[in-house]
Amino acid sequence: MPHPLTLISHPLCPYVQRAAIALAEKGVAFERIDIDLADKPAWFLAISPLGKTPVLLVDGQPVFESAVICEYLDETTAPRLHPQDALARARHRGWMEFGSAVLSAIGTFYNAPDDTALASRAGEIRRLLAQVEVQLGMQQEAGPYFAGEAFTLVDAVFGPVFRYFDVFDPIGDFGVFTGLPRVAAWRAVLAARPSVQGAVGADYADRLRVFLRARQGALARRMELAIPLPPPARPRAAQA
């Protein structure tokens, strides 16, 4: 029998991670199937009109786009990860979209062709996160998460955002979190959350490093200095 919920995934996709985090927070069992986005199978293209992950199969019926998947899960499965108040819920949806803008900025960062562009794009990420810093300072309820004590879908969006920097940080100090103590504390809390940790495989960091090196931009060149590739194995001597 097919599993009632199947998440079609890519091991590095931050949008997949959102859905995986939401499923874990709700304690919902699901099957996860990874595909190669560089060689998309025909069956996947038939269920994903945009050819992107994630896709959630619900009793075989596809739901695509991460925000839509998260909204569906929140409407159908407890506990709710959105606020009950309509205005607060709308504001949270806006900050989820803001998280997508930060992801876009991260993409321009790791694709930067030279050091000048790399520094500029790191500055853009910090500018965006500075707005988050202000928002965290305005929250009405004290607590470790975006809206206080309760974990919400905004937290599910930003957990994968911050995860990139676990790999970026050993490469160099790009100043992204400088002077942003609330954002830095939120990052640390999300990194310790079991649902966030479990949204990727144990080989995530290694896979991301391979991906970044393949971009052949300024960050990849920095990686060669900070985290050099291991030397090739020497051929074993022939035995008599």
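Our subject is the structure that appears above.
Here the structure is a predicted model, which means the values were calculated and not measured.

**Q** Can you tell me about the overall build of the chain, naming the residues and giving the values?
**A** Within the chain one finds ten helices and four strands. The linear arrangement of helices and strands in the chain, starting from the amino end, is β-α-β-α-β-β-α-α-α-α-α-α-α-α. The C-alpha atoms of the chain give a radius of gyration of 20 Å, which matches the 18 Å a tight globule of 240 residues would have. Its C-alpha atoms give the chain principal-axis dimensions of about 70 × 50 × 35 Å. Counting over 240 residues, the chain shows a buried share of 46%. Look at the contacts in the chain between residues 6 or more apart in sequence, and 67% of them connect residues 24 or more apart. Total accessible area on the chain is roughly 12,400 Å²; 56% of this is exposed by carbon and sulfur atoms. Each charge sign in the chain was given a centre, from 24 positive and 25 negative side chains, and these centres are 4 Å apart.

**Q** Tell me about the environment of Leu190, residues and numbers included.
**A** Along the chain, Leu190 turns up in helix α7 (residues 181-192). With a relative accessible area of 1%, Leu190 lands in the buried category. In the structure, Leu190 is positioned 32 residues away from Phe158 in sequence and 8.1 Å away in space, judged by C-alpha atoms. Those residues within four positions of Leu190 in sequence are excluded, and the remaining contacts are Tyr145, Phe151, Asp155, Phe158, Gly159, Phe162 and Val196.

**Q** Residue-level account of the pairing of strand β1 (residues 5-9), with values.
**A** The element β1 is largely enclosed, with a buried count of five among its five residues. The alternating pattern of β1 places Leu5, Leu7 and Ser9 on one face and Thr6 and Ile8 on the opposite face, and all of these are buried. Two elements, β1 and strand β3 (residues 55-58), share four bridges in a ladder whose sense is antiparallel. Among the inter-strand pairings, Ile8 is bridged to a residue of β3, identified as Val55. Two strands pair when backbone bridges link them, and β1 and strand β2 (residues 31-34) are joined in this way by four bridges, in the parallel orientation. The residue bridging Ile8 from the neighbouring strand is Ile33, located in β2.

**Q** Quick one: what's the story with the sheet that holds β2, residue by residue and with numbers?
**A** Across the sheet, four strands lie side by side as β2-β1-β3-β4; this open sheet has mixed pairing. Both edges of this open sheet fall to β2 and β4 (61-64), since each of them pairs with a single strand only. Direction aside, neighbouring strands of the sheet carry axes that sit 25° apart on average. Those strands touched by helix α1 (residues 14-25) are β1 and β2, and its axis lies near 155° from that of β1.

**Q** How would you summarise the nonpolar core if you had to cite specific residues and measurements?
**A** In terms of nonpolar packing, the biggest core is built from 67 residues, with Ile106, Leu129 and Phe158 touching the most fellow members. Here this core takes eleven residues from helix α6 (residues 153-168), the largest share from any one element. Membership of the second largest hydrophobic core comes to six residues, among which are Ile8, Ile47, Val55 and Leu57.

**Q** Outline the packing of aromatic side chains, supporting the account with residue identities and numerical values.
**A** If you walk through the whole model with that rule in mind, you get 16 aromatic pairs. Between the aromatic rings of Trp95 and Phe146, the centroid separation amounts to 6.0 Å while the plane-to-plane angle is 55°, which identifies the pairing as tilted. Linking Trp95 in helix α4 (residues 86-110) with Phe146 in the loop between α5 (115-138) and α6, this pair joins segments that are 51 residues apart in sequence. You'll find Trp95 and Phe146 in the same group, each marked buried. With a centroid separation of 6.1 Å and 55° between ring planes, the pair formed by Phe162 and Phe177 is classed as tilted. Of this pair, Phe162 sits in helix α6 while Phe177 sits in the loop between α6 and α7, placing them 15 residues apart in sequence. In this structure, Arg163 is placed above the aromatic ring of Tyr204, and the distance from its NZ or CZ to the ring centre is 5.7 Å.

Rules used throughout
Residues numbered from 1 in each chain as written. Predicted model: local features only at pLDDT ≥ 70, side-chain atom pairs only at ≥ 80, totals over all residues. Heavy atoms only, no water. Helix = DSSP H or I, 4+ residues; strand = E, 2+ residues; numbered from the N terminus. Rg over C-alpha atoms; globule rule 2.2 N^0.38 Å. Buried < 20%, exposed > 50% of the residue type's maximum accessible area, 1.4 Å probe, protein only. Contact = heavy atoms within 4.5 Å. Areas by Shrake-Rupley, 256 points an atom, 1.4 Å probe, with all protein chains shown as cover. Lys, Arg positive; Asp, Glu negative; His and termini not counted. Charge placed at Lys NZ, Arg CZ, Asp CG, Glu CD. Pairing = 2+ DSSP bridges. Axes fitted to C-alpha atoms, helices over the stretch in contact; angles between N-to-C directions. Core = buried A, V, L, I, M, F, W, Y, C linked by side-chain atoms within 4.5 Å. Phe/Tyr/Trp six-rings, centres within 6.5 Å; stacked < 30°, edge-to-face > 60°. Lys NZ or Arg CZ within 6 Å of the ring centre and 35° of its normal.

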